[in-house]
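Now for the letters of each chain:
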Amino acid sequence: MSCQRAFLGLLLRPPSLILRSGKFANSPSQILFKPKPTFSVLLTRSYAKGKSKGADGKNKKKQAASAINENDFAELVAVDAMKTQMQRALDILKDEYVKNLSLRSTTGSIESIKVKFEGQDHALNELAQVVRKNPKTLVVNCSSVPQSIPNILQAIKQSGMNLNPQQDGTTLFIPIPVVTKEHRENLAKNAKSLFIKGRDNIKEVQNKYVRNLKKAAGVSEDLIFGAQQQITAIADKYVGEAEKMLQTKQEELVGKQ
């Protein structure tokens, strides 16, 4: 009898019938109607910790290399002289715009036309006298150097100012053209051409100082690189000013696009 009771106890209280509280079930109903256990699953994602050098690392390296103080830069580059030369290119462009890209041809703009004569470049007013006869006509008196007349005629026609001079002996008569849309557009194209010339002059100064910089002896590569970046930044600033001048002049000639 004692064996049967022991066997019955094992059947009623197996380890798998332990309640969630850690206690044994006291009745079969607690087992039969026990809710199914629920489980919470936590999903996690692992990220690889690789070395992220790539472009960011290169940029940081360049920024570090380009860091150069003003004193070191001034020792490597004649900064004032370089800026003066770049400003000179900007001033020439401004002067060209005033003289050669006016909607109305003026005495001053005609006088400044470059004339190739006897192997040299001359301003027109060095070879002839320019006066305004009336609001619609300019007169060029070439009596002082009459042999220059063919050169003067060619220079005026090729000035891009839409001028058509008429010769009468040693005197040239230049009708001032009517301001048409086509004339405005031609002047705007000339403005772009003059800008490109001015920009190239600035870049030429930049390249000259970069070449001189690379010839410097006993200077680290980082300092040379940093100084070169500074030269480029200065040149870009002057080019930006030239671009503003171009935009202003084109808006003056043809209006905003």
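A quick note: this is a predicted structure, and the numbers were derived from the prediction, not measured.

1. Section: the overall build of the protein
So, point 1. Helix and strand counts for the protein come out as 10 helices and 6 strands.
So, point 2. Look at the contacts in the protein between residues 6 or more apart in sequence, and 66% of them connect residues 24 or more apart.
So, point 3. Carbon and sulfur atoms make up 52% of the accessible area of the protein, which totals about 18200 Å².

2. Some details on the pattern of salt bridges
So, point 1. Applying the stated criterion across every chain yields a total of 5 salt bridges.
So, point 2. Between aspartate 200 and arginine 199 there is a salt bridge whose closest N-O contact spans 3.6 Å.
So, point 3. Exposure remark for aspartate 200: the relative accessible area of 39% places this residue in the partly exposed category.
So, point 4. Its relative accessible area of 30% is what places arginine 199 among the partly exposed residues.
So, point 5. Its salt-bridge partner being glutamate 252, residue lysine 249 comes within 3.2 Å of it at the nearest N-O pair. Taken as a pair, lysine 249 and glutamate 252 lie in helix H10 (residues 221–254) at a separation of 3 residues, close to a single helical turn.
So, point 6. Of the residues examined, glutamate 252 reaches a relative accessible area of 43% and is grouped as partly exposed.

3. Overview of the confidence of the model for the protein
So, point 1. Summary statistics for the protein give a mean pLDDT of 78 and a share of 70% for residues scoring 70 or more.
So, point 2. In the model of the protein, helix H2 (residues 28–32) stands out as the element of lowest mean pLDDT, 48, in contrast to strand E5 (residues 166–168), which has the highest, 94.
So, point 3. A low-confidence stretch, residues 29–53 stays under pLDDT 50, and its non-local contacts, those more than four residues away or across chains, total 7 contacts.

4. Brief notes about the packing of helix H5 (residues 79–100) against H10
So, point 1. At a closest axis distance of 11 Å, the pairing of H5 and H10 adopts a crossing angle of 10°. Here H5 lies roughly parallel to H10, going by the angle between them. Here H5 contributes Val79, Met82, Lys83, Met86, Gln87, Leu90, Leu93, Lys94 and Tyr97 to the contact with H10, which in turn contributes Ile231, Ile234, Ala235, Tyr238, Glu241, Ala242, Met245, Leu246 and Lys249.
So, point 2. Its residues placed into classes, the contact of H5 with H10 shows 13 nonpolar, 1 polar and 4 charged.

The rules behind each value
- Residues numbered from 1 in each chain as written.
- Predicted model: local features only at pLDDT ≥ 70, side-chain atom pairs only at ≥ 80, totals over all residues.
- Heavy atoms only, no water.
- Helix = DSSP H or I, 4+ residues; strand = E, 2+ residues; numbered from the N terminus.
- Contact = heavy atoms within 4.5 Å.
- Areas by Shrake-Rupley, 256 points an atom, 1.4 Å probe, with all protein chains shown as cover.
- Salt bridge = Lys/Arg side-chain N within 4 Å of Asp/Glu carboxyl O.
- Buried < 20%, exposed > 50% of the residue type's maximum accessible area, 1.4 Å probe, protein only.
- pLDDT = per-residue confidence, 0-100.
- Axes fitted to C-alpha atoms, helices over the stretch in contact; angles between N-to-C directions.
- Parallel < 35°, antiparallel > 145°, perpendicular 65-115°, else oblique.
- Nonpolar A, V, L, I, M, F, W, Y, C, P; charged D, E, K, R; others polar.

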